[in-house]
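Commentary on secondary and tertiary structure
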Amino acid sequence: MTLHTDYAFRILMALGQAPDQVKSVDDLARQFGVSKHHLMKVARNLAAGGFVDTVRGRNGGVRLAMPASDINLKAVALHMEPDFNIAECFANQNCTFLPGCRLKGVLGQAKYAFLQSLDGYNLQSII
């Protein structure tokens, strides 16, 4: 899982703790100790996926677009990382070990188990 998805979960958790509030990306970046520029990209991606709404203006920011109980963690992860390639060989067929490599199958099983585990949880269950 990339930092992009990690930050997405952090944003959602912070918003889920105060679902009626709009939080600025500036405030979230300070709270997490990360770059505002990077967090802005994450927030835009979350908005594109329908997980958060953006609010413009002086008191603008982001807020949850739906109840925390309706936000599935697997759906968030898959939206943030649509290919979810955990090794180069998932996207690149130029590996010297293919087609006989058994590692790709093991990693594929691990990826499936990881996503299935996330599928059992929603945002409400982790805040």
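Residues numbered from 1 in each chain as written. Predicted model: local features only at pLDDT ≥ 70, side-chain atom pairs only at ≥ 80, totals over all residues. Heavy atoms only, no water.

Another aspect to go through is the packing of helix 2 (residues 25-32) against helix 3 (residues 36-48). Their axes nearest at 9 Å, the elements helix 2 and helix 3 cross at an angle of 120 degrees. Classed by the angle they form, the pair helix 2 and helix 3 counts as oblique. Between helix 2 and helix 3 lies a crossing whose hand is right-handed. Here Val25, Asp26, Leu28, Ala29 and Phe32 of helix 2 lie close against helix 3, whose contacting residues are Lys36, Leu39, Met40 and Ala43. (Axes fitted to C-alpha atoms, helices over the stretch in contact; angles between N-to-C directions. Helix = DSSP H or I, 4+ residues; strand = E, 2+ residues; numbered from the N terminus. Parallel < 35°, antiparallel > 145°, perpendicular 65-115°, else oblique. Left-handed = near helix turned anticlockwise from the far one by under 90°. Contact = heavy atoms within 4.5 Å.)

This part takes up the pattern of salt bridges. Taken as a whole and judged by the stated rule, the model has three salt bridges. Between Arg10 and Asp6 there is a salt bridge whose closest N-O contact spans 2.9 Å. With Arg10 and Asp6 both in helix 1 (residues 3-17), this residue pair falls four residues apart, about one helical turn. Here Arg10 falls in the partly exposed class, since its relative accessible area comes to 29%. The shortest N-O distance in the salt bridge between Arg30 and Asp27 comes to 2.5 Å. (Salt bridge = Lys/Arg side-chain N within 4 Å of Asp/Glu carboxyl O. Buried < 20%, exposed > 50% of the residue type's maximum accessible area, 1.4 Å probe, protein only.)

The next point concerns the pairing of strand 1 (residues 52-55). When strand 1 meets strand 2 (residues 61-64), the two strands line up antiparallel, connected through four bridges. Within strand 2, the residue paired with Thr54 across the bridge is Val62. With antiparallel pairing between neighbouring strands as the criterion, strand 1 and strand 2 make up a hairpin whose turn holds five residues, including Gly57 at a positive phi of roughly 110 degrees. (Pairing = 2+ DSSP bridges.)

Glancing now at unusual backbone geometry. Positive phi outside glycine occurs at Phe84, with the angle close to 45 degrees. Checked against the element boundaries, Phe84 lands in the loop between helix 4 (73-80) and helix 5 (103-119).

Turning our attention to the packing of helix 4 against helix 5. Between helix 4 and helix 5, the least distance of the axes is 6 Å, while the angle of their chain directions is 130 degrees. Judged by the angle between their axes, helix 4 and helix 5 are oblique. Residues Leu73, Lys74, Ala77 and Leu78 of helix 4 form the contact with helix 5, whose participating residues are Leu115, Gln116, Leu118 and Asp119. Looking at the contact of helix 4 with helix 5 residue by residue, the classes come out as five nonpolar, one polar and two charged. (Nonpolar A, V, L, I, M, F, W, Y, C, P; charged D, E, K, R; others polar.)

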